[in-house]
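Results of the structural survey
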Amino acid sequence: MYINVSEVSIDGIEWILVSAVPASQFMDDIVSSMLWSVLVSVIILIGLVLIYYYLVRKLAKPINQLLYTSSAFTAGDLSQRVTFLSKNEIGMISSSFNHMASKMQALIDNLEDNVQVRTEELNEKKEELQLILNSTAEGVYGINLDGVCTFCNISCLKQLGYEHHDDLIGKNMHQLIHHTQRDGSPFTLDKCKIS
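Quick look at the structure, then. Model, not experiment: these values are computed from the prediction. (Residues numbered from 1 in each chain as written. Predicted model: local features only at pLDDT ≥ 70, side-chain atom pairs only at ≥ 80, totals over all residues. Heavy atoms only, no water.)

Here the focus is empty space enclosed by the protein. Throughout the structure, instances matching the rule amount to 1 cavity of 30 Å³ or more. Volume-wise, the largest cavity comes out at about 50 Å³. Around the largest cavity sit Tyr141, Ile143, Gly147, Met173, His174, His178, Cys192, Ile194 and Ser195, which together line it. In terms of residue class, the lining of the largest cavity is built from 5 nonpolar, 4 polar and no charged. (1 Å grid on protein atoms, 1.4 Å probe; cavity = no way out; pocket = protein on both sides within 12 Å on 5 of 7 lines; lining within 4 Å. Points joined across faces, edges and corners; volume = space filled by probe spheres on them. Nonpolar A, V, L, I, M, F, W, Y, C, P; charged D, E, K, R; others polar.)

In this description, an aromatic ring pair is defined by two values, namely the gap between the centres and the angle between the planes. Tallied over the full model, the rule gives 1 aromatic pair. Arranged with centres 5.5 Å apart and planes meeting at 70 degrees, the rings of Phe73 and Phe97 form a pair that is edge-to-face. Linking Phe73 in helix H1 (residues 23–74) with Phe97 in helix H2 (residues 89–135), this pair joins segments that are 24 residues apart in sequence. Accessibility classification places Phe73 together with Phe97 in one group, the buried group. (Phe/Tyr/Trp six-rings, centres within 6.5 Å; stacked < 30°, edge-to-face > 60°. Helix = DSSP H or I, 4+ residues; strand = E, 2+ residues; numbered from the N terminus. Buried < 20%, exposed > 50% of the residue type's maximum accessible area, 1.4 Å probe, protein only.)

Note that strand E1 (residues 2–10) and strand E2 (residues 13–21) share 9 bridges and pair antiparallel. Bridging from a neighbouring strand, Val5 pairs with Val18 of E2. (Pairing = 2+ DSSP bridges.)

Tracing the backbone through its elements, the reader meets Glu14 in strand E2. Polar contacts involving the side chain of Glu14 include one to the side chain of Ser9, which spans 3.4 Å. (Polar contact = N/O pair within 3.5 Å; in protein donor to acceptor, adjacent residues only side chain to side chain.)

Between the first and last C-alpha of H2 there are 68 Å, a value that for 47 residues agrees with the 69 Å anticipated at 1.5 Å per step. If you check the start of H2, you find a side-chain oxygen 2.9 Å away from the backbone N of Gly91, and it comes from Asn88. (Expected span 1.5 Å × (residues − 1).)

Among the surface-exposed residues, Trp36, Leu39, Val40, Ile43, Ile44, Leu48, Ile51, Tyr54, Leu55 and Leu59 lie close enough to one another that they form a single nonpolar patch of about 1100 Å² accessible area. Residue classification places Ile43 among the exposed residues on the basis of a relative accessible area of 54%. (Patch = residues over 30% accessible without salt bridge, like charges linked within 9 Å, V, L, I, M, F, W, Y side chains within 5 Å. Areas by Shrake-Rupley, 256 points an atom, 1.4 Å probe, with all protein chains shown as cover. Salt bridge = Lys/Arg side-chain N within 4 Å of Asp/Glu carboxyl O.)

Let's shift gears to unusual backbone geometry. Despite not being glycine, Asp11 has its phi angle at roughly 50 degrees, a positive value. Tracing the sequence through the fold places Asp11 in the loop between E1 and E2.

Next up, the structure:
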């Protein structure tokens with residue numbers, strides 16, 4: 001129970017005013033108002049969270065798709081394309097990305113075709129060069145900077161006493177045929193005029 005005592009003076013008469021209100025009458029309305037306020041606040045908060053989730057998902061979906069496609073693109077899968085196309089900024093970026101991916105694919109396809117054509121041309125030239133080398137009577141072989149044989153002709157094989165190109169190609173020529181002097185002493189690599 002809530003009790004309030006106050007002094008009141010009216011026309012020279014002093015009064016003491018006592019008011020008493022049962023707690024149930026006083027608090028029921030306040031508690032009811034507080035419960036309704038909490039309930040409305042929770043409903044509004046849930047609604048805002050749902051709206052936020054929907055908007056974030058709607059806005060993030062095209063960005064996530066663009067990120068996924070760009071990851072596949074950087075991993076070497078140039079066939080991936082962004083499927084979300086709209087008229088906003090993300091759609092414009094997606095369209096540009098797809099255009100770039102198509103150009104890159106075309107360039108790579110063209111490059112692969114060019115490499116294949118050039119490889120065939122090199123193989124033809126290599127065969128022609130090998131034919132020219134094999135037609136000479138002199139023994140000819142070539143080495144790289146490490147002294148490893150990269151090519152030789154048939155006359156070279158015969159003069160050195162070998163039967164197959166594989167006996168020389170890929171081998172260090174100094175160690176194979178030029179390792180000792182006529183008297184049998186070692187011929188060091190730093191004194192070898194060929195190397």
